[in-house]
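This is what each chain is made of:
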Amino acid sequence: MNDILQGLSAAFRLIITFDGELAEITLRSFQVTLSAVAIGSLLGLPFGAWLAVNRFRMRRYTIAVLNALMGLPPVVVGLFVYILFSRSGPFGVLGLLFTPTVMIIAQVIIITPLIASIAHQAIRELWAEYHDLLLSLNTTKRQRIMTLIWDGRRALLTAALAGFGRAIGEVGAIMIVGGNIDHATRVLTTAIALETGKGDFALALGLGFILIGLAIVLNLAIHILSRTEQGGRW
Amino acid sequence: MRFSKIALATAFVMSASIAIAEEIKVAVTTSFHNSGLSDILLPAIAEDIGLDVQLLVVGTGQALRLGEAGDVDAILVHSRKAEDAFLEAGYGTHRREIMYNDFVLIGPNDDPAKIGSAENAASALTLISYAETPFVSRGDDSGTHKKERALWASAGLDDSTFESWYRSVGAGMGATLNTASGMNAYVMSDRASWLNFGNKGDLALLFSGDPVLFNQYAIIPVNPKLHTHVKNDLANALEEWLVSDRARVLIDGYTINGETLFTHNAVAE
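All values reported here derive from a predicted model rather than from experimental measurement.

Rules behind the numbers
- Residues numbered from 1 in each chain as written.
- Chains lettered and ligands numbered in written order.
- Predicted model: local features only at pLDDT ≥ 70, side-chain atom pairs only at ≥ 80, totals over all residues.
- Helix = DSSP H or I, 4+ residues; strand = E, 2+ residues; numbered from the N terminus.
- Buried ≥ 20, exposed ≤ 12 C-beta atoms within 10 Å, placed from the backbone.
- Contact = placed C-beta atoms within 7 Å.
- Rg over C-alpha atoms; globule rule 2.2 N^0.38 Å.
- Nonpolar A, V, L, I, M, F, W, Y, C, P; charged D, E, K, R; others polar.
- UniProt positions renumbered as here; feature names shortened; annotations may be inferred.
- Pairing = 2+ DSSP bridges.
- Expected span 1.5 Å × (residues − 1).
- Axes fitted to C-alpha atoms, helices over the stretch in contact; angles between N-to-C directions.
- Left-handed = near helix turned anticlockwise from the far one by under 90°.
- Domains from an automatic or database assignment.
- Core = buried A, V, L, I, M, F, W, Y, C linked by C-beta atoms within 7 Å.

### Describing the overall build of chain A
No. 1: Looking only at helices and strands, chain A features ten helices and zero strands.
No. 2: Each helix and strand of chain A, ordered N terminal to C terminal, gives the series α-α-α-α-α-α-α-α-α-α.
No. 3: Projected onto the principal axes, the alpha-carbon positions of chain A cover approximately 65 × 55 × 30 Å.
No. 4: By residue count, 39% of the 234 residues in chain A fall in the buried class.
No. 5: Of all intrachain contacts in chain A linking residues separated by at least 6 positions in sequence, the fraction that spans at least 24 positions is 79%.

### A look at the overall build of chain B
No. 1: Counting its secondary structure elements, chain B contains eleven helices and twelve strands.
No. 2: Rg of the C-alpha trace for chain B: 20 Å, near the compact-globule value of 18 Å for 269 residues, within the 12% margin.
No. 3: In terms of overall dimensions, chain B has C-alpha extents of about 60 × 40 × 30 Å along its principal axes.
No. 4: Burial status across chain B gives 46% buried among its 269 residues.
No. 5: Counted over contacts in chain B with a minimum sequence separation of 6, partners at least 24 positions apart contribute 76%.

### Quick notes on the interface of chain B and chain A
No. 1: At the junction of the two partners, chain B supplies 20 residues and chain A supplies 16 residues.
No. 2: Contributing elements (two or more residues each) for the side of chain B that touches chain A: β2 (51–58) and α8 (173–183) of chain B.
No. 3: Residues that form the side of chain B that touches chain A fall into these classes: seven nonpolar, eleven polar and two charged.

### Digging into the UniProt feature "domain: ABC transmembrane type-1" (unreviewed entry) in chain A
No. 1: In this numbering, the UniProt entry assigns the feature "domain: ABC transmembrane type-1" (unreviewed entry) to residues 26–222 of chain A.
No. 2: Between the first and last C-alpha atoms of residues 26–222 of chain A the distance is 18 Å; the span itself is 78% helix and 0% strand.

### Focus: helix α9 (residues 188–197) of chain A
No. 1: Most of α9 of chain A is tucked away: nine of the ten residues are buried.
No. 2: The set of residues buried in α9 of chain A consists of Leu188, Thr189, Thr190, Ala191, Ile192, Leu194, Glu195, Thr196 and Gly197 of chain A.
No. 3: On its buried face, α9 of chain A is in contact with α2 (20–53), α8 (172–178) and α10 (201–225) of chain A together with α8 of chain B.
No. 4: Remark: Gly199 of chain A follows α9 of chain A within two positions and exhibits a positive phi of approximately 80°.

### So, the pairing of strand β1 (residues 22–29) of chain B
On any regular strand, side chains alternate: one points to one face of the sheet, the next to the other face.
All names here are of chain B.
No. 1: In terms of residue burial, β1 counts as a mostly covered element, since six of its eight residues are buried.
No. 2: Pairing geometry for β1 and β2, over eight bridges, is parallel. Directly across from Glu22, in β2, lies its bridge partner Leu51.
No. 3: Note: β1 against strand β3 (residues 74–77), three bridges, orientation parallel.

### Topic: unusual backbone geometry
Residue and element names in this part refer to chain B.
No. 1: With phi around 55°, Lys114 is a residue other than glycine that occupies positive phi space.
No. 2: The exposure class assigned to Lys114 is partly exposed, which follows from the 15 C-beta atoms found within 10 Å.
No. 3: In the Ramachandran plot, Asn257 falls in the positive-phi region, its phi being about 50° despite a non-glycine side chain.
No. 4: The residue Asn257 is located in the loop between β10 (255–256) and β11 (259–260) in this model.

### A few points about the UniProt feature "domain: PBP" (unreviewed entry) in chain B
No. 1: The feature "domain: PBP" (unreviewed entry), as annotated in UniProt, sits at residues 25–246 of chain B in this numbering.
No. 2: Across residues 25–246 of chain B, helical content stands at 41% and strand content at 24%; the span's end C-alpha atoms are separated by 21 Å.

### Points about helix α1 (residues 2–16) of chain A
No. 1: Here α1 of chain A spans 21 Å end to end across 15 residues, near enough to the 21 Å set by a 1.5 Å rise per residue.
No. 2: Note on α1 of chain A: the residue one or two positions beyond its end, Phe18 of chain A, has a positive phi of about 45°.

### Examining the environment of Ser38 of chain B
All names here are of chain B.
No. 1: For Ser38, the position within the fold is in helix α3 (residues 37–49).
No. 2: In sequence terms Ser38 and Val53 are 15 residues apart; their C-alpha atoms lie 9.8 Å from each other.
No. 3: Residues in contact with Ser38, not counting those within four places in the same chain, are Phe32, His33 and Leu55.

### Some remarks on the packing of α1 of chain A against α10 of chain A
Residue and element names in this part refer to chain A.
No. 1: Running from N to C, α1 and α10 cross one another at 65°; their axes reach a closest spacing of 7 Å. As for the relative orientation of α1 and α10, their crossing is right-handed in sense. On the side of α1, the interface is formed by Asp3, Ile4, Gln6, Gly7, Leu8, Ala10, Ala11, Leu14 and Ile15, while α10 contributes Phe201, Ala202, Leu203, Leu205, Gly206, Phe209 and Ile210.
No. 2: Here the contact of α1 with α10 is built from residues that sort into twelve nonpolar, three polar and one charged.

### Observations concerning the domain arrangement of chain B
Interfaces are often described in size by the accessible area the parts lose on coming together.
Residue and element names in this part refer to chain B.
No. 1: The domain boundaries assigned to chain B delineate domain 1 (2–100 + 214–264) and domain 2 (102–213).
No. 2: Taking only C-alpha atoms, the centre of domain 1 and the centre of domain 2 are 28 Å apart.
No. 3: Contact residues are listed per partner, giving 18 residues for domain 1 and 20 residues for domain 2.
No. 4: Broken down by secondary-structure element, the contributors of at least two residues to the side of domain 1 that touches domain 2 are α2 (30–34), α4 (60–69) and β9 (214–221).
No. 5: Looking at the side of domain 1 that touches domain 2 element by element, the count peaks at three residues for α2.
No. 6: Residue composition of the side of domain 1 that touches domain 2, grouped by class: four nonpolar, 13 polar and one charged.

### Topic: the nonpolar core
As a rule of thumb, soluble globular proteins bury nonpolar side chains together.
No. 1: The biggest cluster of nonpolar side chains holds 102 residues, and the ones touching the most others in it are Ala106, Ala119 and Val177 of chain A together with Val26, Ala74, Ile75 and Leu238 of chain B.
No. 2: For this core, the leading source of residues is helix α5 (residues 100–136) of chain A, giving 15 residues.
No. 3: If we ignore the near neighbours within four places in the chain, the residues touching Val177 of chain A are Gly78, Val81, Tyr82, Phe85, Leu97, Val102, Met103 and Ala106 of chain A.
No. 4: Leu125, Trp152, Leu206 and Phe207 of chain B belong to the second-largest nonpolar core, a separate cluster that totals 29 residues.

### Description of the UniProt feature "transmembrane region" (unreviewed entry) in chain A
All names here are of chain A.
No. 1: Listed under "transmembrane region" (unreviewed entry) in the UniProt record, and renumbered for this structure, are residues 32–53, 65–85, 91–116, 155–181 and 201–225.
No. 2: A helix fraction of 78% and a strand fraction of 0% characterise residues 155–181, whose end C-alpha atoms lie 37 Å from each other.
No. 3: Annotated as residues 201–225, this span is 100% helix and 0% strand, and its ends, taken at the C-alpha atoms, are 36 Å apart.

What follows is the structure, given as structure tokens:
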């Protein structure tokens, strides 16, 4: 119990003194995660919508696999990406290992199935509603997908935010591919793992509270900017 | 006096020949990093030879793998057998001893197995195995874990036959100490990690000082013949700095709570 109070006070101290190192790892956390969410959404949202409007033979299996991939173990993804980008791996010549770029790649792999799967669920319901209308207007498949994405944007925002939630708190994959290098690839979650290893629970918890707080602030900001979930509106 | 002038001059020449903020990646063990010594050495290295040393803090096993794959420019580890095998396979150019610290046995303050008065490390471990009090092992094939297994073997015991009092957690030094603290169990740690550890709880240092517990650290630059991209010249510059008198003063002078942690024992060529 005492540790939690010390954690809270550590968090306050770090924020009030505007700790330079904290600012650096926080910015890197958001840089990596937001890039991954942007790329993951660009891939996952259209794919989810495409799955909803198309009927093909392996559709059921594709959806089952996609849903299963939502639970991809990050540490396995990390190891897989490490082997690909290691100097002795197929993409080793790029020299990307232990850089933020490869951390983004690992996170894209982790969150894209999640974003696509939630997008698919949301679009499927919308498609049931729009089906007759869009067919009678003689729209192309591309137009249908674009209409569904635009009209379902609120639900798709939830898909992107779920991806953000999974990526910002992720530590297993980025620890392996990023290496938790001070001033290069250290982010909030890997710093928390490091401080826990040192037995400095107060600082680790403090960083944890900051991480949670920032995630709440970002989610709120998105809802306010996109004018969703406000009173007097359904 | 004359020597320090020469050292200064060399340092100056080296800093002139190496552009500021060149990066080098070095895989080091958790026990080295947890000691806090890197926070002293890295700024000094940056200042003296303009080298930005990026540390990958991993277990010895993973450090060796990173070196084999050419993902780092040098490794700084402490497991003689594994290092020799690494060199024999041609992954490294050579091995240079830098410094040593020592392992200590930690346990509950009231010491139920009475290892505090043991004659040597082997008999201390034997006492723990007789008492069957909980013992937490790293279990991650790290340098520390290999050392621990060698010590059990030297006491004539086989750690794979132990009952449930022997708890192999498969984690780094810090996490293992956290587990031991939670279970109030015995554990073997390097002295540096123990002194810097913040969650001691009811644990205390019970046994140390047996020469077999000494722990030699060495640097091995990764072989540029296998991996042409590795920065071998920078790795050699780092090695030269680590064996220099400046490093000796910093390493020998590093203390926690007044206790010296590392002893510099590199030999100048």
